[in-house]
Amino acid sequence: MNNYLEEILLKLESKRPAHAKKLRLNTNYLNELYVSRANDFYSQYEKHLLRENTDLDFSIDCYLRMLDDMAIERMNFLRQGKYSSVSLMEVEKCIYNNPDMMCYHMHGLALAQFLWFDQYERYSFFADSLAGYAKSAESYLEIGCGHGLYCYTAIKLLPENVKFEVVDISDYSIGICKGIINDPKVNFITKNVLEYASNSTFGFITIGEVLEHLEDPLVLLKKLKDLLSDDGISYISAPVNAPMIDHIYLFNEVQEIRDLINQAGLEIIEEKVVISEHVSQQYADKFKVPVMFAAFIKQKQQ
Amino acid sequence: MDKAEILSQLQEIFRDTLDDQEVTLAYETTANDVEGWDSLTHIHLVVSIEKHFKLRFTAKEIQSWKNIGELVEGIISKK
Ligand SMILES: C[S@@+](CC[C@H](N)C(=O)[O-])C[C@H]1O[C@@H](n2cnc3c(N)ncnc32)[C@H](O)[C@@H]1O
């Protein structure tokens, strides 16, 4: 298989050398499995790009645009101590329903999944354990699929007979996820998850990086509890101190996420916490460096 | 405050923000000369400098300094 990871890093090197150098340094501790997973997804992703008559160069420009947005958001966040967006309605109008913005944001995020080590850590935590946790699941629901990496992986790892459903508020996300996955077995629904309902519960539910997109994440966690079967398991991830154009709810520390999960009547089975830069906890606290939190959770035992 | 005084205060801010007591600044110092001064820490530096000197840079100014001398000039012009 082509070494897409290397190709992307070389292209980035020619456009933003200092950034590319940092990405290489940050990921050089990762092993061969990382490289092969990255190349597997990027090759699937490139097929989608080609079907859309575009290529990785386009995607790299999207990624760089997303980085520029992030730098602005981060500067504002450090100055003001809060995220710039406040309501879901506003973000829905300006971003989720705005194909131009969603386009570069989602393509940027798709690339970032294997360029940022914290994103890979969250992914490998998911991919390493999904099959075990979803052993008895007959149905898989994903809320907020975005680029679709998680759903793509679940289709590969779970048995053929598992039913797949994906809900996302943005038509653009549904489109890119559908395009990358390219598998008719998934039932896609464009809907705000807060308005979504299902007749049956699910054995496995993935909610990657969605809590911070809501005004009140507890509402989604309570919904998750209702949608999850009695013995179901969910994978959930959310960042702390991570300003982005579409982030609304600020988690100041990891404990706030754990507390909400608990308040919703759910229980953490296993979790992973990774600081998004190779810096000490003290430095991360001082400069509010983003921290990634991911966990497998289940219904709280009465 | 004169240029030398600003330079010395900047050096303190850099040492603190980059968590490196070895950092030594001169007017001609650039990001390439200082280990750890990258796009992420640049934002931390800007925010620390703004807090310390009680001023606010524009997005354009933040991208414009080619070396520490220009940053010092930028601070003087804001005071
Ligand atoms: C950052 S992406 C996450 C992508 C992927 N799940 C991951 O973990 O990397 C967030 C996604 O959530 C979707 N989203 C945000 N708010 C939502 C809501 N209220 N209901 C459904 N989807 C939502 C966005 O459209 C976007 O596709």
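Please read all numbers here as calculations on a predicted model, not as lab measurements.

Draft legend 1. Quick peek at the overall build of chain A. Counting its regular elements, chain A contains twelve helices and seven strands. Here chain A has a C-alpha radius of gyration of 18 Å; the compact-globule value for 302 residues is 19 Å, and the two agree. When the backbone C-alpha atoms are referred to their principal axes, chain A occupies close to 55 × 45 × 40 Å. Going through the 302 residues of chain A one by one, you find that 59% of them count as buried.

Draft legend 2. Main features of the environment of leucine 18 of chain B. All names here are of chain B. Note on placement: leucine 18 falls in the loop between helix H1 (3–17) and helix H2 (39–53). The exposure class assigned to leucine 18 is buried, which follows from its relative accessible area of 12%. Taking the C-alpha atoms as reference, leucine 18 lies 15 Å from histidine 52; in sequence the two are 34 residues apart.

Draft legend 3. Focus on the domain arrangement of chain A. All names here are of chain A. The domain architecture assigned to chain A consists of domain 1 (4–115) and domain 2 (117–299). Its C-alpha centre places domain 1 at a distance of 19 Å from the equivalent point of domain 2. Across the boundary between the two partners, domain 1 contributes 45 residues, which contact 46 residues of domain 2. Together, the buried faces of domain 1 and domain 2 total about 4,200 Å²; carbon and sulfur atoms form 62% of this surface. Three residues, Tyr83, Tyr96 and Gln113, lead the burial of domain 1 against domain 2; their summed loss comes to 19% of the area buried on that side. For the pair domain 1 and domain 2, the number of links is three salt bridges. We note a salt bridge from lysine 22 to glutamate 277, for which the minimum N-O separation is 3.0 Å. Linking domain 1 to domain 2 there are 20 residue pairs in polar contact (both at pLDDT 80 or more). Per element, the largest residue contribution to the side of domain 1 that touches domain 2 is ten residues, and it comes from helix H6 (residues 99–112).

Draft legend 4. Region of the structure containing the confidence of the model for chain B. Residue-level pLDDT values for chain B average 92, and 100% of them are 70 or greater. The least confident element of chain B is helix H3 (residues 59–64) of chain B, whose mean pLDDT is 86; the most confident is H1 of chain B, at 96.

Draft legend 5. Seen up close, the site of the ligand. Residues and elements named next belong to chain A. Taken together, 24 residues surround the ligand, and among them Arg122, Gly144, Asp168, Ser173 and Val193 come closest. Between the ligand and histidine 147 there is a distance of 2.9 Å, counted from an oxygen atom to a side-chain nitrogen or oxygen. In isolation the ligand offers 600 Å² of accessible surface; the protein chains occlude 98% of this area. Of all elements in the fold, only helix H5 (88–96) and H6 reach the threshold of two or more residues within the shell around the ligand. Grouping the amino acids of the shell around the ligand by side-chain chemistry returns eleven nonpolar, nine polar and four charged. Counting the residues that make up the shell around the ligand, at least three belong to each of domain 1 (4–115) and domain 2 (117–299).

What counts as what
- Here the residue index of a chain counts from 1 through its sequence in written order.
- Whichever chain is written first becomes A and whichever ligand is written first becomes 1, with later ones labelled in order.
- pLDDT decides what is reported in this predicted model: residues at 70 or higher carry local features, side-chain atom pairs at 80 or more are listed and counted, and totals for whole chains, interfaces and linings draw on all residues regardless.
- Hydrogens and water molecules were not included; the side-chain quantities draw on all heavy atoms of the structure.
- Helix and strand definitions follow DSSP, with helices as H or I runs of at least four residues and strands as E runs of at least two, each counted in order from the N terminus.
- Values of the radius of gyration come from C-alpha atoms, whereas the globule rule sets the reference at 2.2 Å times the count of residues to the power 0.38.
- Exposure categories follow from relative accessible area, calculated using a 1.4 Å probe and restricted to protein chains: below 20% of the type maximum is buried, above 50% is exposed, and the middle band is partly exposed.
- Domain boundaries shown here were taken from an automatic or database domain assignment.
- Residues are treated as being in contact if the distance between any of their heavy atoms lies within 4.5 Å.
- When two components associate, each loses some accessible surface as probed by a 1.4 Å sphere; the sum of these losses over both components is called the buried area.
- Salt bridge criterion: a side-chain nitrogen from Lys or Arg within 4 Å of a carboxyl oxygen from Asp or Glu.
- Polar contacts here mean pairs of N or O atoms no more than 3.5 Å apart (in protein, one a potential hydrogen donor and the other a potential acceptor; neighbouring residues in sequence count only if both atoms are side-chain atoms).
- pLDDT gives the predictor's per-residue confidence on a scale running from 0 to 100.
- Proximity is defined per residue: if any heavy atom of the residue lies within 4 Å of a molecule or strand, that residue is considered near it.
- Exposure was quantified through the Shrake-Rupley algorithm and a 1.4 Å probe, taking into account, for residues, occlusion by the shown protein chains and nothing else.
- In this classification, the charged set is Asp, Glu, Lys and Arg, the nonpolar set is Ala, Val, Leu, Ile, Met, Phe, Trp, Tyr, Cys and Pro, and all remaining amino acids, among them Gly, are polar.

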